[in-house]
Amino acid sequence: MNRAFLETIFLCGVAMLALLELYYLQNFEVDRRILIEQKKKRTFLFLLIAGIQVIPFIYIFSVDFGPTDYHLWKWLSFPVTLCFAFCVWLFIKALSDLGKWWTPGQELKEDLELVKTGAYHYVRHPMYLALLGIAVCQVFMIQNWIAGPVSLLLVTPFVIYQIGREERLLTKYFGDDYREYIRKTGMLWPKEEKMPLFKKILRELIKNTKILLGILWKLIVKLYQKRASRSMNRSL
């Protein structure tokens, strides 16, 4: 996969999320009084999202950032594309799981119910996990030192701040029920009892990383030695 293909996939995914957010904003009623009270915070949030979405568009379609480009291995394209597709799906899944309880900010609706199903069965903040994953993928898909890492640099502190505020609000609202949910469910990564098979496989992969890297290094050395010997034979 070349860079243009990765950039096209990234733009399609971001555009899909933007359209989905607009749909939810238009179809879900939010207390107007709360919107006025949180206007400054919401303006900052929308500027942040706009910056993350606009900079890659500017890079791809208008401004020449050539001197600040970097080039990554082409074999990374496939796993990065899969990861990006999963993160986009996770964001959409988490949004649909919240359903009518979703709000654009941190407003708590009346008669709010604690959602523990779907994506929220595995992690407490799947939408933020998806945003972080998309930001990491952007580094690989938009290969430029300005447009690539900008999303990760903006999203990371934003997610840390938002999670802290939401955890305090929900603990105050739900009390012991949310504390029990915290105990059983990971913040951004599933606890072992939620995904035992996956965790077991992951542990085995981490354990064998050194072996795999050793084998890969030996193959690289052998290929290099063969190429060097061929070049020497040709020169003779």
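Scope of this entry: the structure provided in the associated data block. (Residues numbered from 1 in each chain as written. Predicted model: local features only at pLDDT ≥ 70, side-chain atom pairs only at ≥ 80, totals over all residues. Heavy atoms only, no water.)

1. Observations concerning the packing of aromatic side chains
What characterises a pair of aromatic rings is the spacing of the ring centres plus the angle enclosed by the ring planes. This model, assessed by the stated rule, comprises seven aromatic pairs. The interplanar angle of 55 degrees and the centroid separation of 4.6 Å between the aromatic rings of Y70 and W145 together place this pair among those described as tilted. With Y70 in the loop between α3 (39-61) and α4 (77-98) and W145 in the loop between α5 (126-141) and α6 (150-174), the pair connects residues that are 75 residues apart, well separated along the chain. Ring centres of W73 and W75 lie 6.2 Å apart, and the angle between their planes is 20 degrees; on these two criteria the pair is classed as stacked. Each member of the pair, W73 together with W75, is exposed. (Phe/Tyr/Trp six-rings, centres within 6.5 Å; stacked < 30°, edge-to-face > 60°. Helix = DSSP H or I, 4+ residues; strand = E, 2+ residues; numbered from the N terminus. Buried < 20%, exposed > 50% of the residue type's maximum accessible area, 1.4 Å probe, protein only.)

2. Notes on the packing of α4 against α5
Viewed as axis vectors pointing N to C, α4 and α5 meet at an angle of 155 degrees, and their least axial separation amounts to 8 Å. Of the possible angle classes, the one that applies to α4 and α5 is roughly antiparallel. Pair α4 / α5 crosses with left-handed handedness. Between α4 and α5, the residues in contact are V80, C83, F84, C87, V88, L90, F91, A94, L95 and L98 and P126, M127, L129, A130, L131, G133, I134, C137, F140 and M141, respectively. Among the residues making up the contact of α4 with α5, the classes are represented as 19 nonpolar, one polar and no charged. (Axes fitted to C-alpha atoms, helices over the stretch in contact; angles between N-to-C directions. Parallel < 35°, antiparallel > 145°, perpendicular 65-115°, else oblique. Left-handed = near helix turned anticlockwise from the far one by under 90°. Contact = heavy atoms within 4.5 Å. Nonpolar A, V, L, I, M, F, W, Y, C, P; charged D, E, K, R; others polar.)

3. Considering the side chain of E7
Position of E7 relative to the elements: it lies in helix α1 (residues 3-27). One buried charged residue, E7, remains without a salt bridge, the closest side chain of opposite sign being R3 at 4.2 Å. With residues up to four places along the chain from it excluded, the contact list for E7 reads Y59, I60, M141 and I142. (Lys, Arg positive; Asp, Glu negative; His and termini not counted. Salt bridge = Lys/Arg side-chain N within 4 Å of Asp/Glu carboxyl O.)

4. A look at the pattern of salt bridges
Per the stated rule, a full pass over the model turns up seven salt bridges. Of the charged contacts in the structure, one is a salt bridge between K184 and E180, with a shortest N-O distance of 3.5 Å. Linking K184 with E180, this pair stays in helix α7 (residues 176-184), spanning four residues, or about one helical turn. Here K184 falls in the partly exposed class, since its relative accessible area comes to 40%. A relative accessible area of 30% places E180 in the partly exposed class. Taken together, the salt bridges that share partners define one network made up of E180, R183 and K184.

5. Notes on the packing of α6 against α7
One can describe the packing of α6 onto α7 by two numbers: an axis separation of 6 Å at closest approach and a directional angle of 130 degrees. Relative to α7, α6 is oriented oblique. Only D176, D177, Y178, R179 and I182 of α7 make contact with α6, whose side of the interface consists of E167, L170, T171 and F174. Grouping the amino acids of the contact of α6 with α7 by side-chain chemistry returns four nonpolar, one polar and four charged.

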